[in-house]
Structure formats: structure tokens, C-alpha cells
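Summary of structural features
Take a look at the letters that make up each chain.
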Amino acid sequence: MFATTPRRSRTRARRLFLIAVLIVAAVAVVLVARQATAPPSSPPAATPPGAAPSPTPTAPVDEATTLATRPMLTLPPEAALPHQLTTATAGPSITVPQAAPIANRVISDNFPVTAEGALGWLTVFNESALRGGDPATYVRAYGESALPHAPSPQGSGPLALLTAFRDEAGIRPGELKPGLTVTYEVSQGLIKGTADGGRFAVVCTLGQLSFDYQGQSTRMGIGDCQALRWTGTAWRIAPGARAAYAASAWPGSAESVAAGYRPLNREGAR
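How each quantity is defined
- Residues numbered from 1 in each chain as written.
- Predicted model: local features only at pLDDT ≥ 70, side-chain atom pairs only at ≥ 80, totals over all residues.
- Heavy atoms only, no water.
- Helix = DSSP H or I, 4+ residues; strand = E, 2+ residues; numbered from the N terminus.
- Buried < 20%, exposed > 50% of the residue type's maximum accessible area, 1.4 Å probe, protein only.
- Pairing = 2+ DSSP bridges.
- Core = buried A, V, L, I, M, F, W, Y, C linked by side-chain atoms within 4.5 Å.
- Contact = heavy atoms within 4.5 Å.

Of note, the phi angle at His149 is positive, near 70°, even though the residue is not glycine. On the secondary structure map, His149 appears in the loop between helix H4 (135-145) and helix H5 (157-169). Here the phi dihedral of Asp196 falls at roughly 55°; this positive angle occurs in a residue that is not glycine. Assignment of secondary structure puts Asp196 in the loop between strand S2 (180-195) and strand S3 (200-213). Relative accessible area serves as the criterion here: at 35%, Asp196 is assigned to the partly exposed category.

Right, here's the structure in full:
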């Protein structure tokens, strides 16, 4: 067994750094693609000579759709990489409840019908779905947590990120990679708003996604926003329009504050 040379270690570290930049760039590409693929408005029909132009028909847009699709702050990819923190804040901390786990479920349902409850649910969802860095785990968690006619998981930023990482590292979905550890720890969040008497909420998490592989590690700040619907007993990913993609920033940085993220306080499990 040959000892790893300093040059080989530096090469591996540089490769992991490039993977990190690639992943952050992939998130930025998702944002751009979301805007670029919006359906263009149809051109107005020609008006016959001498006829008065008819008003252009418009489809009504409900309050929930308007809230979900309102764009979030767009940040450059490098904002997600580790850098200097700030003492400024976007507001006071948000206290979110925690819930005791439920057997045979990836995500617990014991969250209250409040915006903070929705944010607590999304916090646990993302930490669980991203743990291990396997797209198959994320898809399973999403499928368990989405209502009929909810947006497809294939359009989500976190899934695009995990897929890009696995593709670059040459690891197939579902394949175990000895020595690879992936974790996502949420430390900030925001409540974008609520509709339908509080039974619809758009909330966002911001956390540190860490990839550790055989002694080498890379980290980045990843945000995720989801539109959630209260079913009467639990929060679920809502049918209808996909929530606008979240800003990704290093937690606690000036960019995270500009995006509106606030620190989270977690209550003890009930």
C-alpha cells in the first residue's frame, strides 16, 4: 500500500472543490431554466378590419399561486460557498416545533397547523431527505410527502443538486459509497407567507450541506422553498404551482440576510 503523497491529497481536495462549485452552479442553472422555460404568452389574435378589438382574456390566478411563484432573491453561485459571517440579521429568530418520529415514516406528521409548524416540517423533511446524498432517498421522501398533482420531484433544486453530485462522482442512485457521508443541517429559514386562512404556507430552509469522503470534505449553503398544504392532520407538499426556487447562501452570511433568512430556534421534541 503506497502512502498518499501531498500532491495527490491536493489534487483530491481540488477535485472536491470543483465538484462543490459544479453543484452550486447546477442550482443556479435550475433557477435560470425555471425562468427560461416559463410558457410565453400567446400573441393576440388579429382583429378584422372595422371591428373593435376584443379584450385579451386572462385566467384568474389565485392567492396561493401568486404567493408560491413570486420570485425569491437570485444570488451568484459563490454566495453558497463558505465565507465571512455577519452580525446583521433579517429579523428575530423563528421558533419552530419539533415532533417525535413516527414508525415506518421518513417524516413525522406531528406538527401544528401554523406557519412555524410548516417550517418545522420542511426542516425535518429536508434534513431526512438529503441525508446520505442519495437521489433515491430524496425521491422516496418526496413521494411519501406530496399530495396528488403536486409538482414532480424531478424539478426540485435539491434533487438536481444530488443528481449532479452523483453524476460527477460516478456514483449511481441507490449505490453505497464506502467512506462517503452527506449531511444537511438547517440553521436558518423564512416564512414567505400563508394563504387560505393559514392552511397553505410557503416556507424555506437554509442549511449547510456537507460532503465528507475519506477524510476530505466540502461544504456549501443550500436553500429550499416548498408550497405546503394542511390536510386537516398534517402538512404535505401542495398540488399546483411549484414554489419559486430558494436563494442559496452560506448560512449567517450577508447574502443569507439579504435573502430574508432568519435563525431558527427548535423546540424540544413533544
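By the bridge criterion, 14 bridges tie S2 to S3 in an arrangement that is antiparallel. Residue pairing for S3: Val186 is matched across the bridge by Gly207. The turn linking S2 back onto S3 is made up of 4 residues, and Asp196 within it adopts a positive phi angle of 55°.

As a further point, take the nonpolar core. Judged by nonpolar contacts, the single largest core of 37 residues is most densely connected at Trp121, Phe125, Tyr138, Leu209 and Trp235. Taken together, the elements giving at least two residues each to this core come down to strand S1 (94-98), helix H3 (115-130), H4, H5, S2, S3, strand S4 (216-230) and strand S5 (235-237). For this core, the element with the most residues is H3, which contributes 8 residues. With sequence-adjacent residues up to four places away left out, Tyr138 is seen in contact with Phe125, Asn126, Ala129, Leu130, Ser156, Pro158, Leu159, Leu162 and Gln226. With 22 residues, the next largest nonpolar core counts Leu67, Val202, Cys225 and Ala246 among its residues.

Don't take any of this as a statement about function, it's just geometry.
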